[in-house]
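Spelled out from the first residue to the last, the chains are:
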Amino acid sequence: MKTRPLLLLLLGGAAAFGQMSNNPPDDSTLLRAQAVLEIVTEHHPVARQARLRLEGADAEALKSKGGFDPKLFSEMEQKYFQEKNYYWLHQSGVQIPTNFALQFKAGYQQHRGVFLNPENQLPATGLYFLEAELPLLQGLFIDERRAAFRKARLLQDASREEARWAINKLLIESLAAYWQWYQRFQTAQTFQDALATATERLVAVKKRVATGEKAAIDTLEATIQRQDRYLKWQNARDQAQKARRNLENYLWLEGSVPLELNSQTSPAYQPPSLLPPDADTLLAGHPRLNVLEAKRQMADVDRRWAVEQFKPQLDLRYKLLSQPAPAAELWQQYNPDNYTWGFSASFPLFLRKARGAQQKAQVKMNTLQLKRQQKRRELTNKLRALRRSYQLQAQQVQEARQMANNYRELAAAEQEKFAVGESSLFLINSRELKYLQSLQKVWQLHNKFHSTRNEYLGTAALLYP
């Protein structure tokens, strides 16, 4: 599997029963943590659902913009009774809302009929009109249409942050599965090397027993050691396969095709790196806090619209009239005295609807503000606790590696003593068991160390920034 250059440098190690190595050779069969990040981010169904949520928010924003779309209109009304055309009223045109309170309507109207109402009398050629409508009090600074548009924009921001947080949580889980596989893979490799060593020792003991250098009972003890290593290797290999299958749950190819790792694929060693700044610095743009802030601002839009409804409704209308004429003479036909105007006013007596909406929005704002404060505190404490755990586990990894090296030297010294007849298989086995246990502790601490670091980065929303 080809992987791109790493963006995250994570501490790791390669297992070998004889000696641990920090610089294993690069191999095309290695699966690196960064490759897991890229595959999961790009193709995992949860990550794709998160991006679809963004598309839904974009669609909602587009829908809210539709409230400002120009609209063609045509109206006609006719009364025909006892073979008489009482009246025929018609007007057509375009209605143009703006991003502000002002709205325009332009068009053409024509009226005919025997019993036409005098106020509807028009020249035979009809009239052009240009109408403007402006709310002077309620709706001047914000109305339901502009409120919906602002909330849709805030919903876009909230959806973007929710998607970012959802992908970070997914990456925490996938990397935890990767490092679990890493631990069990290295443990299986350790027992595989231990099995090879026990097999070689059994062959050597049999030869020395055949020449009379060793007692026959040593063959039985060497056989038991090999059988024990074989059973432990089988169990460790089974656990490694289960961990690999668990990791495959997070690996997908383009087109929602599950990705399966072949048996030759192995996790990669990666060097250590420092953590980013402390929690107070990281939380400045945290998605969980940004989502709550966007929701609070949406509630504030509702509150502002509710407060706006405390004002009386006073809408002013002005319609300029002009007779049809050729384009060159249209301006000559203009007469500012040809117009109609009017206004409409209303005001609810008790304002219960507006007061209830305002109180409801204010309660929601206060609730979201308290939630944001609480969430910030929780994130701060969690990040600080993870940082302390990371620092402690980094020290534990170093101590465990040194202890494993010390046990390896003791086992090697015991082997040399056995070669000259100054030790026994029992002592060698005891030394090697301690060494094997120390190696298992190393891989376990590696797993915890990396998982803690990734949880820190994911909690800080840095795995998918």
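Quick note: structure is the one above.
Since this is a predicted model, take the numbers as computed values, not measurements.

Turning our attention to the side chain of D143. On the secondary structure map, D143 appears in the loop between β5 (127-135) and α3 (144-210). Here R145 takes part through its backbone nitrogen, which lies 3.3 Å from a polar atom of the side chain of D143.

A separate point is the packing of aromatic side chains. Per the counting criterion, the structure on display carries twelve aromatic pairs. Summarising the aromatic geometry, the rings of F68 and F149 are spaced 5.8 Å apart at their centres and angled 80° between planes, so their arrangement reads as edge-to-face. Of the two residues, F68 is situated in the loop between α2 (45-65) and β2 (71-81) and F149 in helix α3; the sequence distance between them amounts to 81 residues. A relative accessible area of 14% places F68 in the buried class. Ring geometry for F81 and Y86: centres 6.2 Å apart, planes at 65°, overall edge-to-face. With relative accessibility at 44%, the residue F81 sits in the partly exposed group. Judged by its relative accessible area of 19%, Y86 falls in the buried class. The ring of F73 carries the charged tip of K105 above its face, separated from the ring centre by 5.2 Å.

Turning to the environment of L261, a few remarks are in order. As for its position among the elements, L261 is in the loop between β7 (257-258) and β8 (266-267). A residue is classified by how much of its surface remains accessible, and L261, at 6% relative accessible area, is buried. Sequence-wise, L261 and P123 are 138 residues apart; in three dimensions their C-alpha atoms are separated by 83 Å.

Next up on the list: the sheet that holds strand β9 (residues 313-322). Hydrogen bonding along the main chain pairs the strands of a sheet, whether they run parallel or antiparallel. The six strands are arranged β2-β3-β4-β5-β9-β10 in an open sheet whose pairing can be described as antiparallel. At either end of the open sheet lies a strand with only one pairing partner, and these are β2 and β10 (339-346). Taking the axes of each pair of neighbouring strands and ignoring which way they run, one obtains an average angle of 20° across the sheet. Across seven bridges, strand β4 (residues 103-112) lies against β5 in antiparallel orientation. Bridging across to β5, K105 finds its partner in E131.

Cut-offs and rules
- Residues numbered from 1 in each chain as written.
- Predicted model: local features only at pLDDT ≥ 70, side-chain atom pairs only at ≥ 80, totals over all residues.
- Heavy atoms only, no water.
- Helix = DSSP H or I, 4+ residues; strand = E, 2+ residues; numbered from the N terminus.
- Polar contact = N/O pair within 3.5 Å; in protein donor to acceptor, adjacent residues only side chain to side chain.
- Phe/Tyr/Trp six-rings, centres within 6.5 Å; stacked < 30°, edge-to-face > 60°.
- Buried < 20%, exposed > 50% of the residue type's maximum accessible area, 1.4 Å probe, protein only.
- Lys NZ or Arg CZ within 6 Å of the ring centre and 35° of its normal.
- Pairing = 2+ DSSP bridges.
- Axes fitted to C-alpha atoms, helices over the stretch in contact; angles between N-to-C directions.

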